[in-house]
Amino acid sequence: SSGINAEYGDGMNKRPTLLAKIVAACTVGYSNVHGSMKQDVIIMENIFYNCTPSLIYDLKGSNRNRLAEETEEVLLDTNYLKHIVSDPIYLRPHSKTFLREAVNCDTAFLAAQSIIDYSLLVGVCGDKLVVGIIDYIRKFTFDKKVEMIFKTNMIGSAGKMPTIVSPEMYRERFYNQIERYFPLVPDRWTGMGSDLQYS
């Protein structure tokens, strides 16, 4: 709603954000002698404008059903985790701080609006990363709550979190995993003291 947009828009100038901008929301359709069609459309900014990524990842912070064929244009969380074993993506301290603060602020706002199922879209453009949060329009509706309860009861004993979770649980999982996905650049202090033993 315009109230939500105004609420978040007022803060966007004061805090970091990764939310891809919504350019327009409209309804398109046609009507002729053969029938009619109407569809709601949201147009979002292209975060890869003027950039041609060699790799694109859609990250949700979950590894359940998150593996794509390596030939796909957009890869998922499990693909990313496999890739960073041999080729990790490190961030410098200022970039890590910005990412952490933006994800924290954005996910807090989305959880307050009962939004789930958003992703961090990541493009590897040479030695540069381009990132943005996309697909943040799905509400945690009654049918999603029923699905979460059903899947929790059915597979909860297996120790795995269901794919559909509450907005707060989704936020926590997303934030924690994105934090782990992008470690700091190692320096001479990295690992120091790890071999110490305390009585």
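Our structure's up above, just so we're on the same page.
In short, a report on the structure. (Residues numbered from 1 in each chain as written. Predicted model: local features only at pLDDT ≥ 70, side-chain atom pairs only at ≥ 80, totals over all residues. Heavy atoms only, no water.)

### Observations regarding a negative patch on the surface
The grouping of Glu69, Glu70, Glu72 and Glu73 at the surface amounts to a negative patch. Tracing the backbone shows Glu70 in the loop between strand S3 (55-59) and helix H2 (77-86). Of the residues examined, Glu70 reaches a relative accessible area of 46% and is grouped as partly exposed. (Patch = residues over 30% accessible without salt bridge, like charges linked within 9 Å, V, L, I, M, F, W, Y side chains within 5 Å. Areas by Shrake-Rupley, 256 points an atom, 1.4 Å probe, with all protein chains shown as cover. Salt bridge = Lys/Arg side-chain N within 4 Å of Asp/Glu carboxyl O. Lys, Arg positive; Asp, Glu negative; His and termini not counted. Charge placed at Lys NZ, Arg CZ, Asp CG, Glu CD. Helix = DSSP H or I, 4+ residues; strand = E, 2+ residues; numbered from the N terminus. Buried < 20%, exposed > 50% of the residue type's maximum accessible area, 1.4 Å probe, protein only.)

### Some thoughts on the packing of helix H3 (residues 93-112) against helix H5 (residues 167-181)
Contact pair H3 / H5: the axes reach a minimum separation of 9 Å and the direction vectors enclose 170°. In terms of orientation, H3 and H5 fall into the roughly antiparallel class. Packed against H3, whose contacting residues are Lys96, Leu99, Arg100, Val103, Asn104, Thr107, Ala108 and Ala111, the element H5 presents Pro167, Glu168, Arg171, Phe174, Tyr175, Ile178 and Glu179 at the interface. Across the contact of H3 with H5, the residue classes tally to eight nonpolar, two polar and five charged. (Axes fitted to C-alpha atoms, helices over the stretch in contact; angles between N-to-C directions. Parallel < 35°, antiparallel > 145°, perpendicular 65-115°, else oblique. Contact = heavy atoms within 4.5 Å. Nonpolar A, V, L, I, M, F, W, Y, C, P; charged D, E, K, R; others polar.)

### Regarding the packing of aromatic side chains
Taken as a whole and judged by the stated rule, the model has six aromatic pairs. Ring centres of Tyr80 and Phe182 lie 5.6 Å apart, and the angle between their planes is 50°; on these two criteria the pair is classed as tilted. A residue pair is termed long-range when its members are at least 10 positions apart, and Tyr80 in helix H2 and Phe182 in the segment after H5 qualify at 102 residues. Residue classification places Tyr80 among the buried residues on the basis of a relative accessible area of 0%. According to the relative accessible area criterion, Phe182 is buried, its value standing at 2%. (Phe/Tyr/Trp six-rings, centres within 6.5 Å; stacked < 30°, edge-to-face > 60°.)

### Digging into empty space enclosed by the protein
Using the criterion set out here, one finds one cavity of 30 Å³ or more in the structure. Considered as a void within the structure, the largest cavity measures approximately 50 Å³ in volume. Surrounding the largest cavity, Lys96, Leu99, Arg100, Val103, Tyr175, Ile178 and Glu179 form its lining. Put simply, the parts of the chain that give the lining of the largest cavity at least two residues each are H3 and H5. Here the element with the most residues in the lining of the largest cavity is H3; it accounts for four residues. (1 Å grid on protein atoms, 1.4 Å probe; cavity = no way out; pocket = protein on both sides within 12 Å on 5 of 7 lines; lining within 4 Å. Points joined across faces, edges and corners; volume = space filled by probe spheres on them.)

By themselves, these figures tell us nothing about what the structure is for.
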